[in-house]
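Residues per chain are reported as follows:
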Amino acid sequence: MGDSIPLPLTMAAIFHAPGDATGFNQYGRFSNPTWDAIEHMLAHLEDAPCVAFPSGMAAISAAFFAVLKAGDRILLPSDGYHTTRALADRFLKPLGITYDVRPTSTFLDGGFDGYRVAFVETPANPGLDICDIAAVADAVHKAGAILVVDNTTMTPFGQRPLDHGADIVVAADTKAPNGHSDVLFGHVASRNADIIAAVTGWREVSGSIPGPFEAWLVHRGLETLDVRFDRMCSSAEVIARRLQGHRAISGLRYPGLEGDPSHNLARAQMERFGFLISFELASEDKAEDFINNCELMQAATSFGGVHTSAERRLKRGDAVPAGFVRLSVGCEPVEELWKAIETSLDKISS
Ligand SMILES: Cc1ncc(COP(=O)(O)O)c(C=O)c1O
């Protein structure tokens with residue numbers, strides 16, 4: 001009856017709370033109708049209850065603090081997003097939670113005995129190696145551990161780790177889900193009610209809460225995620241194929257290329273091949289020139305936005321060569337984008 005069709009934004013720290021304080025919104029650290037709306041939409045995409053957080057790292061922290069205790073041991077990818085390892089090293093280790101690392105492509109090797117949590121990121125950022133989520137989930141469960149999957153590089157439209165047996169999905173909605181590079185956000189998804197209760201409790205007590213306006217913006221982003229993700233993946237496939245033939249490029253990685261080490265598993269496990277491509281250029285200078293001189297490319301960290309962006313990842317401390325570039329394909333018309341990329345590559349190789 002005349003209600004607004006766009007999601008209303010509820011900016012409120014307090015709500016009317018007369019009498020017994022149960023069953024309704026009372027205080028902005030406990031609940032918010034705009035969070036409810038985005039969690040409802042995320043839950044629909046994940047096919048699992050979701051808890052929203054103010055960033056991807058806040059979601060990852062929540063998953064760890066909800067399930068770990070002193071004396072636990074966890075296993076992380078050696079080639080995934082570096083801040084997850086920094087979290088373990090700087091903040092979990094001093095609390096008596098130890099960690100080991102393993103490459104994503106051989107994550108199964110060595111088994112999971114003695115671990116409380118195994119954490120994978122597939123495809124791993126920035127090298128784009130992948131691991132078999134179902135096989136890892138099976139082995140992790142046999143060892144009595146929990147599998148957490150960081151699905152940031154794929155989104156629920158590209159890969160469904162819970163369907164492959166993961167216990168928890170964490171994601172940085174800062175990337176493609178919001179898609180407009182103006183907000184940080186994250187979520188935890190799980191079909192285990194105890195885990196969701198613990199993660200929700202962590203948010204309430206730690207105060208790691210998303211702002212309602214950020215939730216509103218990400219909600220708007222999610223409404224077009226399917227369309228944007230489809231475009232970005234389709235364009236990435238076209239661009240990766242053409243990059244294969246370019247003389248300036250070596251070490252090209254894209255799971256959608258038939259010759260890529262990730263390809264066969266990617267076909268079996270992923271709905272799409274994603275919008276990230278990585279490769280090497282001959283030197284730091286050439287990589288910087290390629291990125292900075294390309295008319296349709298933003299020199300920026302992060303990925304998944306509507307604008308194509310790229311970064312030389314050694315800058316952020318990843319264990320990669322100086323000329324290693326991670327390219328995030330955006331929503332620009334693919335032929336124009338390719339022309340800009342090719343022109344910039346030609347310049348550095350002439
Ligand atoms: C794979 C992955 N997970 C988590 C994060 C953390 O997300 P945020 O920056 O929103 O905390 C990032 C950020 O780049 C990422 O690439």
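See above for the structure.
Residues numbered from 1 in each chain as written. Predicted model: local features only at pLDDT ≥ 70, side-chain atom pairs only at ≥ 80, totals over all residues. Heavy atoms only, no water.

(A) Just the state of the cysteines, in detail. Tallied over the entire structure, the rule returns zero disulfides. In this structure Cys50 is a free cysteine whose sulfur lies 20 Å from that of Cys233, the closest cysteine sulfur available. Considering cysteine sulfurs only, Cys331 is the nearest to Cys294, which forms no disulfide, with 16 Å between them. For Cys294, a relative accessible area of 3% puts it in the buried group. (Disulfide = S-S within 2.5 Å. Buried < 20%, exposed > 50% of the residue type's maximum accessible area, 1.4 Å probe, protein only.)

(B) The arrangement of the nonpolar core in detail. By size, the foremost hydrophobic cluster in this structure holds 75 residues, and its most contacted members are Leu243, Ile277 and Ile341. Take this core: its biggest share by element is eight residues, from helix 8 (residues 225–243). If you look at the next biggest cluster of nonpolar residues, it comprises 27 residues, including Ile60, Ile74, Leu87 and Ile195. (Core = buried A, V, L, I, M, F, W, Y, C linked by side-chain atoms within 4.5 Å. Helix = DSSP H or I, 4+ residues; strand = E, 2+ residues; numbered from the N terminus.)

(C) Region of interest: unusual backbone geometry. Along the chain, Thr122 connects to Pro123 via a cis peptide bond; the corresponding omega equals -5°. With respect to the helices and strands, the residue Pro123 is situated in the loop between strand 4 (117–121) and helix 4 (133–142). Put simply, Asn125 and Pro126 share a cis peptide bond, and its omega is 15°. Within the secondary structure, Pro126 is located in the loop between strand 4 and helix 4. Despite not being glycine, Ser302 has its phi angle at roughly 75°, a positive value. Tracing the backbone through its elements, the reader meets Ser302 in the loop between strand 10 (298–299) and strand 11 (309–312). With relative accessibility at 24%, the residue Ser302 sits in the partly exposed group.

(D) Looking closely at the site of the ligand. Taken together, 14 residues surround the ligand, and among them Gly56, Met57, Asp150, Thr174 and Lys175 come closest. In the model, an oxygen atom of the ligand is placed 2.8 Å from a nitrogen or oxygen of the Met57 main chain. In the environment of the ligand, a nitrogen atom lies 2.6 Å from a nitrogen or oxygen atom belonging to the side chain of Asp150. Here the ligand loses 92% of its free accessible area of 390 Å² to cover by the protein chains. It is helix 2 (residues 56–67) that provides the largest number of residues to the shell around the ligand, a total of three residues. (Near = heavy atom within 4 Å. Polar contact = N/O pair within 3.5 Å; in protein donor to acceptor, adjacent residues only side chain to side chain. Areas by Shrake-Rupley, 256 points an atom, 1.4 Å probe, with all protein chains shown as cover.)

(E) Fine view of the sheet that holds strand 11. Judged by pairing direction, the sheet is mixed, and its five strands sit side by side in the order 8-9-12-11-10 without closing on themselves. Whereas interior strands pair on both sides, the edge strands pair on one side only; in this sheet they are strand 8 (250–253) and strand 10. With five bridges connecting them, strand 9 (residues 276–280) and strand 12 (residues 324–328) associate as antiparallel partners. Note on strand 12: the bridge partner recorded for Ile277 is Leu327. Packed on one face of the sheet, helix 8 meets strand 8, strand 9 and strand 12 and runs near 15° to strand 9. (Pairing = 2+ DSSP bridges. Contact = heavy atoms within 4.5 Å. Axes fitted to C-alpha atoms, helices over the stretch in contact; angles between N-to-C directions.)

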